[in-house]
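# Remarks on the overall topology
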Amino acid sequence: MPKLELIHLNKTYSPKVVPVRDLSLGVDNGEFLTLLGPSGCGKSTTLRMIAGLEQPTRGEIRIADRNVTNKAAGDRNIAMVFQSYALYPHMSVYDNMASGLRLRHMKSDEIRRRIHEVSGFLGLEELMERKPGQLSGGQRQRVALGRALVRQPDVFLLDEPLSNLDALLREQVRAELKEIFTSLNTPIVYVTHDQTEAMTLSTRVAVLNGGILQQLDPPRRIYTHPANRFVAGFIGSPQMNLLDLKCDGRSAVFGNYRIPLPDGFVPPPEITLGIRPEHVHLADPNQHSASTVQGRVVLSENLGMSELITVRVRGAETMIFRALISSDNPFRGEEITLTLPPEHIHWFNTQTGERLPAKVLQSVGDRNHLG
């Protein structure tokens, strides 16, 4: 049974404001679950309900097989790390870390033992007498983390804890977080809008939009098999190409070209093709592919190791189509031929956005130029 369980959780502020809708999921010991989504998707509201800072309108929250839905935050044995760190500015690092334990009337010897253990683990031994104003952003983050770790809670909750750090420090602290939490056997629920954090830290990711769970899977699965058009477009940078195309027989019409449809489903009148820019290749003249298009490069962006090119495909000049090409040379203005590998094409229902449960594309004959 999961250590943390959310059962049909709902939060309603008004008929038009429903940040969380019928959310059910579980988090096991040692699992790092990230709630990921755009602003307003319900991720922070969900975290606050787990913490006891918000009361659910409907549903149940269970921690360690106890129903804590109506229990006060202090009775849930959770530890939360906030975006702002929430350190007491007038207290030393030691006192900040000890404050929660003192409120629980823990003996001084046990407080010292826990703080000594955690401070050594986090590299804070030399900072015990300093106050938060004397610390760097990364050090303050480690103190906030240490204050949570010494409590030995049933569940860790982290609310965008890296968002106040600059990019370089965020990368460093992210690596430290992964190392720290890999060694714990406690459920972790982490809220972020940063895809990189979600994909690098998590055991599983829950993608939310409009208060509704869109997909709950390991990061790699979400990247390779997005459940719907929203997840496909939200996950990945640069963003996945998503093209609404007309169907003609067993093909989808992309400008002057036909992209073979997979076997296994009846083609709808319209279909959405998805393919990530990094999966689009320059065509090899020695190899034939049924999914090949030609067009002119209208923009080339140098990303260091590669070029992100924007191509106007013949007959589909109003569509934006991008490819990530490894090259030292700019392509602007050139006519190029691109291959869309069938195994990397995703198909979605244009009307509902849902992923079509199709087999991997098979090449079905020569590319048919429509003129």
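For the structure itself, look to the data block above.
Being a predicted model, the structure only gives us computed values, none of them experimental. (Residues numbered from 1 in each chain as written. Predicted model: local features only at pLDDT ≥ 70, side-chain atom pairs only at ≥ 80, totals over all residues. Heavy atoms only, no water.)

Next up on the list: the overall build of the chain. Scanning the chain from terminus to terminus reveals 8 helices and 20 strands. Across the 371 residues that make up the chain, the buried fraction comes to 49%. Restricting to contacts in the chain with at least 6 residues of sequence separation, those with at least 24 account for 66%. Accessible area of the chain: about 17,700 Å², with a carbon and sulfur share of 49%. (Helix = DSSP H or I, 4+ residues; strand = E, 2+ residues; numbered from the N terminus. Buried < 20%, exposed > 50% of the residue type's maximum accessible area, 1.4 Å probe, protein only. Contact = heavy atoms within 4.5 Å. Areas by Shrake-Rupley, 256 points an atom, 1.4 Å probe, with all protein chains shown as cover.)

Right, let's talk about the packing of aromatic side chains for a bit. In the structure shown here, the tally under the stated rule is 5 aromatic pairs. Taking 5.4 Å as the distance between ring centres and 65° as the angle between the ring planes, the aromatic pair formed by phenylalanine 254 and phenylalanine 321 counts as edge-to-face. In this pair, phenylalanine 254 is assigned in strand β12 (residues 251-254) and phenylalanine 321 in strand β18 (residues 316-325), connecting sequence segments 67 residues apart. With a relative accessible area of 0%, phenylalanine 321 lands in the buried category. Three or more aromatic residues joined by ring pairs form one cluster here, namely Phe32, Phe156, Phe181 and Tyr190. A cation over an aromatic ring shows up here: arginine 276 above the ring of tyrosine 223, its NZ or CZ 4.0 Å from the ring centre. (Phe/Tyr/Trp six-rings, centres within 6.5 Å; stacked < 30°, edge-to-face > 60°. Lys NZ or Arg CZ within 6 Å of the ring centre and 35° of its normal.)

With that settled, the discussion passes to the sheet that holds strand β13 (residues 257-260). Strand order across the open sheet formed by 5 strands is β13-β12-β11-β14-β20, with antiparallel pairing between neighbours. Each of the sheet's edge strands pairs with one partner strand only, and the pair in question is β13 and β20 (346-349). If you compare each strand with its neighbour and ignore which way they point, the axes differ by 40° on average. Across 3 bridges, strand β11 (residues 241-248) lies against β12 in antiparallel orientation. Paired with lysine 246 across the bridge in β12 is valine 253. (Pairing = 2+ DSSP bridges. Axes fitted to C-alpha atoms, helices over the stretch in contact; angles between N-to-C directions.)

What follows is about the pattern of salt bridges. Using the criterion set out here, one finds 17 salt bridges in the structure. Note that arginine 258 is salt-bridged to aspartate 248, the shortest N-O span being 2.6 Å. Of this pair, arginine 258 sits in strand β13 while aspartate 248 is found in strand β11, placing the two residues 10 residues apart along the sequence. Residue classification places arginine 258 among the buried positions, given a relative accessible area of 17%. The class of aspartate 248 is partly exposed, set by a relative accessible area of 37%. Counted as one network, the salt bridges with shared partners bring together Glu110, Arg113, Arg114 and Glu117. (Salt bridge = Lys/Arg side-chain N within 4 Å of Asp/Glu carboxyl O.)

Turning our eyes to something else, we now look at helix α2 (residues 93-103). Within the sequence span of α2, burial applies to Val93, Asn96, Met97, Ala98, Ser99, Gly100 and Leu101. Where the residues of α2 are buried, they touch α3 (108-122) and α4 (137-149). One or two positions beyond α2, positive phi appears at histidine 105, with a value near 60°.

Looking now at the sheet that holds strand β17 (residues 307-313). Pairing is antiparallel across the open sheet formed by 5 strands, whose spatial order is β15-β19-β16-β17-β18. Every interior strand has two partners, whereas the edge strands, β15 (281-282) and β18, have only one. Bridge analysis of β17 against β18 gives 6 bridges, and the strand direction is antiparallel. Counterpart to threonine 310 in the pairing with β18 is arginine 322.

Space inside the largest pocket adds up to approximately 490 Å³. Lining of the largest pocket is provided by 17 residues; of these, Ile78, Ala79, Met80, Phe82 and Arg151 occupy positions nearest its centre. Looking at the lining of the largest pocket, the elements that each hand over two or more residues are β6 (78-81), α2 and α4. Of the residues assigned to the lining of the largest pocket, the class counts are 11 nonpolar, 3 polar and 3 charged. (1 Å grid on protein atoms, 1.4 Å probe; cavity = no way out; pocket = protein on both sides within 12 Å on 5 of 7 lines; lining within 4 Å. Points joined across faces, edges and corners; volume = space filled by probe spheres on them. Nonpolar A, V, L, I, M, F, W, Y, C, P; charged D, E, K, R; others polar.)

Our focus in this paragraph is the nonpolar core. With 34 residues, the main nonpolar core has Met97, Leu145, Phe156, Leu158, Leu177 and Phe181 as its most contacted residues. Elements with a contribution of two residues or more to this core: β6, α2, α3, α4, β7 (155-159), α5 (167-182) and β8 (188-192). Setting aside its immediate chain neighbours within four residues, phenylalanine 156 contacts Ala79, Ala148, Leu149, Phe181, Leu184, Thr186, Pro187, Ile188 and Val189. Membership of the second largest hydrophobic core comes to 29 residues, among which are Val280, Val297, Val313 and Ile336. (Core = buried A, V, L, I, M, F, W, Y, C linked by side-chain atoms within 4.5 Å.)

Within helix α1 (residues 43-51), 7 of the 9 residues are buried, which leaves the element mostly enclosed by the surrounding structure. Of all the residues in α1, the buried ones are Lys43, Thr45, Thr46, Leu47, Met49, Ile50 and Ala51. Just beyond α1, the residue with positive phi is glycine 52, at close to 90°.

Moving on: unusual backbone geometry. When glycine is set aside, most residues are seen to have a negative phi, and most peptide bonds are trans. A cis geometry characterises the amide bond from serine 237 onward to proline 238, with omega recorded as 0°. Within the secondary structure, proline 238 sits in the loop between α8 (229-234) and β11. Positive phi is not limited to glycine here, since aspartate 22 has a value of about 50°. As for its position among the elements, aspartate 22 is in strand β2 (residues 20-27). By relative accessible area, which is 46% here, aspartate 22 ends up partly exposed. Phi is positive for alanine 64, close to 55°, though the residue is something other than glycine. Assignment of secondary structure puts alanine 64 in the loop between β4 (58-63) and β5 (66-67).

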